[in-house]
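Per-entry structural report
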Amino acid sequence: MAQAKEKISGLTQNEVNQRINEGKVNTSANLRTKSVRRIFYENICTLFNAVNIVLFIALLLVGSYKNMLFMGVVLANIVIGIVQELRSKISVDRLSILSEKKVKVIRDGNILEISREDIVLDDVLVLSRGSQIPADCAVCDGECKVNESLLTGESDLITKKLNDEMLSGSFIASGKCCARVTKVGKDCYAAQNYSVAN
């Protein structure tokens, strides 16, 4: 691994500056989800529910209590919608907690510690056991086993070798590797597939 690291020089400072100017930075990695209040509001205050409430009041006024059973279905629909969105919110919030503030990258042949928000496209990350992957990347040296359970729900560890893709939000369970960043910020897998407009 040490010999391979000497061969990988990473980006130069000029290349880093160029990518920063082009906006190819990992600044949008945090996922934003709806608030609990908004989830309740959007599931309760709908045109469909308003029409059903008007019908319910009309049936109540004429005393046709047998015909009001449809409100059970309406209420069940509201509860199911809220529960599903809350479960999605919890999953997305777990994904958005990228706990490591600093990551190791190779630039100009040196290993540096930088903030994950300062990662740029094509940066070479140095990842080892316990590291959380801050941006989508592909292995360019070494081998490791990755836990992708937060993304896929699959608990089995996945072996990653040369050129294999690794997704942001997953963890290195064992091994060491260098990985070249292929996507940053809102282009990452987690942001593309799990973000919800606030």
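Residues numbered from 1 in each chain as written. Predicted model: local features only at pLDDT ≥ 70, side-chain atom pairs only at ≥ 80, totals over all residues. Heavy atoms only, no water.

A word on the overall build of the protein. Looking only at helices and strands, the protein features 7 helices and 7 strands. Listed by position from the N terminus, the elements making up the protein come as α-α-α-α-α-β-β-β-β-α-β-β-β-α. Per-residue burial over the protein gives 37% buried out of 198 residues. Pairs at least 24 apart in sequence give 69% of the contacts found in the protein among residues at least 6 apart. Element-wise, carbon and sulfur atoms account for 54% of the exposed surface of the protein, whose accessible area totals about 11700 Å². (Helix = DSSP H or I, 4+ residues; strand = E, 2+ residues; numbered from the N terminus. Buried < 20%, exposed > 50% of the residue type's maximum accessible area, 1.4 Å probe, protein only. Contact = heavy atoms within 4.5 Å. Areas by Shrake-Rupley, 256 points an atom, 1.4 Å probe, with all protein chains shown as cover.)

Here we come to the nonpolar core. In terms of nonpolar packing, the biggest core is built from 19 residues, with L125, L127, I133, C137, M166 and I172 touching the most fellow members. For this core, the secondary structure elements donating two or more residues are β1 (102-107), β3 (124-128), β4 (137-147) and β7 (171-181). Excluding its chain neighbours within four sequence positions, the residues that come into contact with L127 are I133, C137, M166, I172, G175, K176, C177 and A179. (Core = buried A, V, L, I, M, F, W, Y, C linked by side-chain atoms within 4.5 Å.)

Okay, the side chain of S131 next. Looking at where S131 falls in the secondary structure, it is placed in the loop between β3 and β4. For S131, a relative accessible area of 10% puts it in the buried group. Side-chain polar atoms of S131 contact the backbone oxygen of S128, separated by 2.9 Å. (Polar contact = N/O pair within 3.5 Å; in protein donor to acceptor, adjacent residues only side chain to side chain.)

Time to look at the confidence of the model for the protein. Looking at the protein, the pLDDT average stands at 84 and 86% of residues meet or exceed 70. Confidence drops under pLDDT 50 across residues 1-6; counting only partners more than four residues distant or on other chains, this segment forms 10 contacts. (pLDDT = per-residue confidence, 0-100.)

Let's shift gears to unusual backbone geometry. Not every positive phi belongs to a glycine, and D108 is a case in point at roughly 50 degrees. If you trace the backbone, D108 turns up in the loop between β1 and β2 (110-115). Look at N163: it is not a glycine, yet its phi comes out positive at around 75 degrees. Mapped onto the elements, N163 comes out in the loop between β5 (158-160) and β6 (165-166).

Take the pairing of β7 next. Alignment of β3 against β7, held across 5 bridges, turns out to be antiparallel. Counted as the bridge partner of V124 is R180 from β7. Bridge count between β4 and β7: 10 bridges; the pairing is antiparallel. By the bridge assignment for β7, D141 is matched with C178. (Pairing = 2+ DSSP bridges.)

Moving on to the pairing of β3. Judged by how many residues are buried, β3 sits mostly within the fold: 4 of 5 residues are covered. Pairing between β1 and β3: 3 bridges, direction antiparallel. Within the sheet, the bridge partner assigned to K104 lies in β3 and is V126.

Moving on to a nonpolar patch on the surface. Taken together, the side chains of I53, I57, L61 and V62 define a hydrophobic patch exposed on the protein surface, amounting to about 420 Å² of accessible area. With respect to the helices and strands, L61 occurs in helix α4 (residues 47-62). (Patch = residues over 30% accessible without salt bridge, like charges linked within 9 Å, V, L, I, M, F, W, Y side chains within 5 Å. Salt bridge = Lys/Arg side-chain N within 4 Å of Asp/Glu carboxyl O.)

Between side chains of opposite charge, a pair can form when the charged atoms approach closely. Applying the stated criterion to the full structure yields 6 salt bridges. Among the ionic pairs, E22 bridges to K24, the shortest N-O distance being 3.1 Å. For E22, a relative accessible area of 41% translates into the label partly exposed. Residue E117 is joined to R116 by a salt bridge in which the shortest nitrogen-to-oxygen separation is 3.6 Å. A relative accessible area of 27% means that E117 is categorised as partly exposed.

With that settled, consider the state of the cysteines. Summed over the entire model, instances satisfying the criterion amount to 0 disulfides. With no disulfide of its own, C178 has C140 as its nearest cysteine by sulfur position, at a separation of 5.4 Å. (Disulfide = S-S within 2.5 Å.)

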